[in-house]
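In case you want the letters, here they are:
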Amino acid sequence: MSYTTYIGMGSNLGESREILRSAVEQLKQLGQVRVSRLYESPPMGPQDQPHYLNAVAQLETTLNPLELLDHLQQFEQDAGRVRLRRWGERTLDLDLLLYADQEIQHERLTVPHVGLLERDFVVVPLLDLNKNLVVKGQHLNELKLAQAPSLTVLAASDWAE
């Protein structure tokens, strides 16, 4: 059985656009992939770091949630991910945002992703992929942050091709 999942992608160190493009190629090994537009956003944490490039990938996969998480974490390591500080700079950040319509509470994984509804750099790209998405009973397109985001569109959804 195949599941529709959504993966948040971010990078603000190194050649971010190429790093994200490579992550999309790796995701394609796990199933069918569609991507949102590519965005630039200010950092959520410490402000003494570069702006982020962000996107969301929709992945159709047969992997279970923890298997998928393992792959995402391996992709981050392959990209040289180092955790220097909370919400700090990173070469690649891959977050499992949604897994079908499941709610998951596990010591390694919470789905829907914590903070999803408060982050325009997640909500706006999700809406690129599914304008009618509902998370925890909330229509994403009705959120204030979806209507006045702090994002800059850098590229259309063909940026990863």
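Keep in mind the model is a prediction, meaning the values are calculated, not measured. (Residues numbered from 1 in each chain as written. Predicted model: local features only at pLDDT ≥ 70, side-chain atom pairs only at ≥ 80, totals over all residues. Heavy atoms only, no water.)

Peer 1: Sorry, what's going on with the overall build of the protein here?
Peer 2: From N to C terminus, the protein includes 4 helices and 10 strands. Helices and strands appear in the protein in the N-to-C order β-α-β-β-β-α-β-β-β-α-β-β-α-β. Against the compact-globule benchmark of 15 Å for 161 residues, the protein has a radius of gyration of 15 Å, which places it among compact chains. A principal-axis box enclosing the C-alpha atoms of the protein has dimensions of 40 × 35 × 35 Å. Counting over 161 residues, the protein shows a buried share of 49%. (Helix = DSSP H or I, 4+ residues; strand = E, 2+ residues; numbered from the N terminus. Rg over C-alpha atoms; globule rule 2.2 N^0.38 Å. Buried < 20%, exposed > 50% of the residue type's maximum accessible area, 1.4 Å probe, protein only.)

Peer 1: What is the right way to look at helix α2 (residues 65–78) in this model?
Peer 2: Since there are 3.6 residues in each turn of an α-helix, residues three or four apart along the chain are aligned in direction. With 14 residues, α2 extends 20 Å from end C-alpha to end C-alpha; this agrees with the ideal 20 Å at 1.5 Å per step. When α2 is considered as a whole, its buried residues turn out to be Pro 65, Leu 68, Leu 69, Leu 72, Phe 75 and Glu 76. Down the axis of α2, the smallest arc covering the buried residues is 120°, so these residues share one side. Next to the buried residues of α2 lie β1 (3–11), α1 (16–27), β4 (52–61), β5 (93–99), β6 (104–106) and β7 (109–111). Capping of α2 at its N-terminal end is provided by Asn 64; its side-chain oxygen lies 3.0 Å from the backbone amide nitrogen of Leu 66. Within two residues after α2, Gly 80 carries a phi angle of roughly 85°, on the positive side. (Expected span 1.5 Å × (residues − 1). Arc of directions from axis to C-beta. Contact = heavy atoms within 4.5 Å. Polar contact = N/O pair within 3.5 Å; in protein donor to acceptor, adjacent residues only side chain to side chain.)

Peer 1: Would you mind going over the side chain of Glu 76 with me for this structure?
Peer 2: Tracing the backbone through its elements, the reader meets Glu 76 in helix α2. Classification of Glu 76 by relative accessible area gives buried; the value is 4%. Within the local environment of Glu 76, its side chain forms a polar contact with the backbone nitrogen of Leu 94, the two atoms lying 2.7 Å apart.

Peer 1: I tried to follow the UniProt feature "domain: 7,8-dihydro-6-hydroxymethylpterin-pyrophosphokinase" (unreviewed entry) in the protein on my own but got confused; where do I start?
Peer 2: Per the UniProt record, "domain: 7,8-dihydro-6-hydroxymethylpterin-pyrophosphokinase" (unreviewed entry) is annotated on residues 86–97. Across residues 86–97, helical content stands at 0% and strand content at 42%; the span's end C-alpha atoms are separated by 19 Å. (UniProt positions renumbered as here; feature names shortened; annotations may be inferred.)

Peer 1: Sorry if this is basic, but what is going on with helix α3 (residues 120–129) here?
Peer 2: Judged by how many residues are buried, α3 sits mostly within the fold: 9 of 10 residues are covered. Among the residues making up α3, those that are buried are Asp 120, Phe 121, Val 122, Val 123, Val 124, Pro 125, Leu 126, Leu 127 and Leu 129. In the core, the buried residues of α3 are packed alongside β1, β2 (32–35), β3 (38–41), β4, β5 and α4 (144–147).

Peer 1: Mind showing me how you'd approach the nonpolar core here?
Peer 2: Most often, soluble globular proteins keep nonpolar side chains buried together rather than apart. Counting 30 residues, the largest nonpolar core has Met 9, Leu 27 and Trp 159 as its most contacted members. Contributions of two or more residues to this core are made by β1, α1, β2, β4, α2, β5 and β7. Broken down by element, this core gets its largest block of residues, 5 residues, from α1. Beyond its immediate stretch of four places on either side in the chain, Met 9 contacts Leu 20, Val 24, Leu 27, Leu 53, Asn 54, Ala 55, Ala 57, Asp 93, Leu 94 and Trp 159. Ranked by size, the runner-up nonpolar core spans 19 residues in total, among them Tyr 39, Leu 97, Val 124 and Leu 143. (Core = buried A, V, L, I, M, F, W, Y, C linked by side-chain atoms within 4.5 Å.)

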